[in-house]
Every structure is written in C-alpha cells, then in structure tokens.
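# Tertiary structure, described
Below, each chain spelled out in residue letters.
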Amino acid sequence: QVQVVESGGGLVQPGGSLRLSCAASGSSFSISAMGWYRQAPGKERELVALITSGGNTVYADSVEGRFTISRDIAKNTVYLQMTSLKPEDTAVYYCNRGGPIATMGYWGQGTQVTVSS
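Presented here is an overview of the structure given in this document. (Residues numbered from 1 in each chain as written. Predicted model: local features only at pLDDT ≥ 70, side-chain atom pairs only at ≥ 80, totals over all residues. Heavy atoms only, no water.)

## Side note on the sheet that holds strand β3 (residues 18–25)
The strand order across the open sheet built from four strands is β1-β3-β8-β7, with neighbouring strands paired in antiparallel fashion. If you trace the sheet from one side to the other, it starts and ends with β1 (3–7) and β7 (67–72), each paired once. Strand-to-strand twist in this sheet, taken as the mean axis angle between neighbours without regard to direction, amounts to 20 degrees. In terms of strand pairing, β7 meets strand β8 (residues 77–82) through six bridges, oriented antiparallel. Each bridged residue has a counterpart across the sheet, and for Phe 67 the counterpart in β8 is Met 82. (Pairing = 2+ DSSP bridges. Helix = DSSP H or I, 4+ residues; strand = E, 2+ residues; numbered from the N terminus. Axes fitted to C-alpha atoms, helices over the stretch in contact; angles between N-to-C directions.)

What follows is the structure, given as structure tokens:
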C-alpha cells in the first residue's frame, strides 16, 4: 500500500515550468513503479509519466520531451519536472503506483496545474 501527498501545482504562463512533488508512505515504495496521472474537467484520468523501480521511464506522447519524472528513494518522493507548459496541460495531477487506472482504489487529493496567460 502506497499513500501519497501531491504538491507544487499552481498557475503558470504558457511556456513556463513547474515542478511537482509526491511524498509517499509505505514500505513498498522502493520496489514499486510510480506514475504521474492527470485529469481535466470532463475527461478521464490519464497516465502522464511512469518510472519503474529500476529507474526506467515512460511518457505519454503528449508530454514526451517536455516532462521528466524522477524519484528520490531516500526521501520517498517522486517528482515531475514540467517545462514548455501548454494550456492543454491544465489538469489536476496525481501520483500513484504504476498500473491500470481502473484497478486503483486509492487516490490522493492531487495538485492543480493551470496553464494560462
């Protein structure tokens, strides 16, 4: 079981940058794949980026080259560095384990990212 608290969201202009943090608890963190997900109003939650326990990363096509996921095992924290932000990146961002979204019963509060001029 992994429980998380997301932070770092806010209002940013198009082309700007933002760094999200996910503080996790649970003894399985170091051996779990972790991902960032986002959900915009009226849309389904989608995977944005994932990092495996071995450090391999996967990104959605829409954010490839702009976002970077990383983790600090010692701090039990996962990060999402976002650059070249676009209005279509506006959403609530969540972190969770990697896996099928439909099977995940637990979600944190998320952190709001708004990209607007």
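## A short note on the environment of Thr 111
Position of Thr 111 among the secondary structure elements: in strand β10 (residues 111–115). Note on Thr 111: relative accessible area 8%, which makes it buried. Along the sequence, Thr 111 and Asp 89 sit 22 residues apart, while their C-alpha atoms lie 13 Å from each other. Each residue touching Thr 111, except ones within four places of it in the same chain, is listed here: Glu 6, Ser 7, Gly 8, Gly 9, Leu 20, Ala 91, Val 92 and Tyr 93. Polar contacts involving the side chain of Thr 111 include one to the main-chain amide nitrogen of Gly 9, which spans 2.9 Å. (Buried < 20%, exposed > 50% of the residue type's maximum accessible area, 1.4 Å probe, protein only. Contact = heavy atoms within 4.5 Å. Polar contact = N/O pair within 3.5 Å; in protein donor to acceptor, adjacent residues only side chain to side chain.)

## A word on the sheet that holds strand β9 (residues 91–97)
Spatial ordering of the open sheet is given by β2-β10-β9-β4-β5-β6, a layout of six strands whose pairing is mixed. A single partner strand is all that each edge strand has here, and the edge strands are β2 (10–12) and β6 (57–59). Strand-to-strand twist of the sheet, defined as the mean angle between neighbouring strand axes without regard to direction, takes the value 25 degrees. Across five bridges, the pairing between strand β4 (residues 34–39) and strand β5 (residues 46–51) is antiparallel. Each residue of the ladder has a partner; that of Met 34, found in β5, is Ile 51.

## So, unusual backbone geometry
For Asn 76, which is not glycine, the phi torsion reads 50 degrees and is therefore positive. The exposure class of Asn 76 is partly exposed, given its relative accessible area of 31%. One non-glycine residue, Ser 84, lies in the positive phi region at around 50 degrees. Looking at the element boundaries, Ser 84 is found in the loop between β8 and β9.

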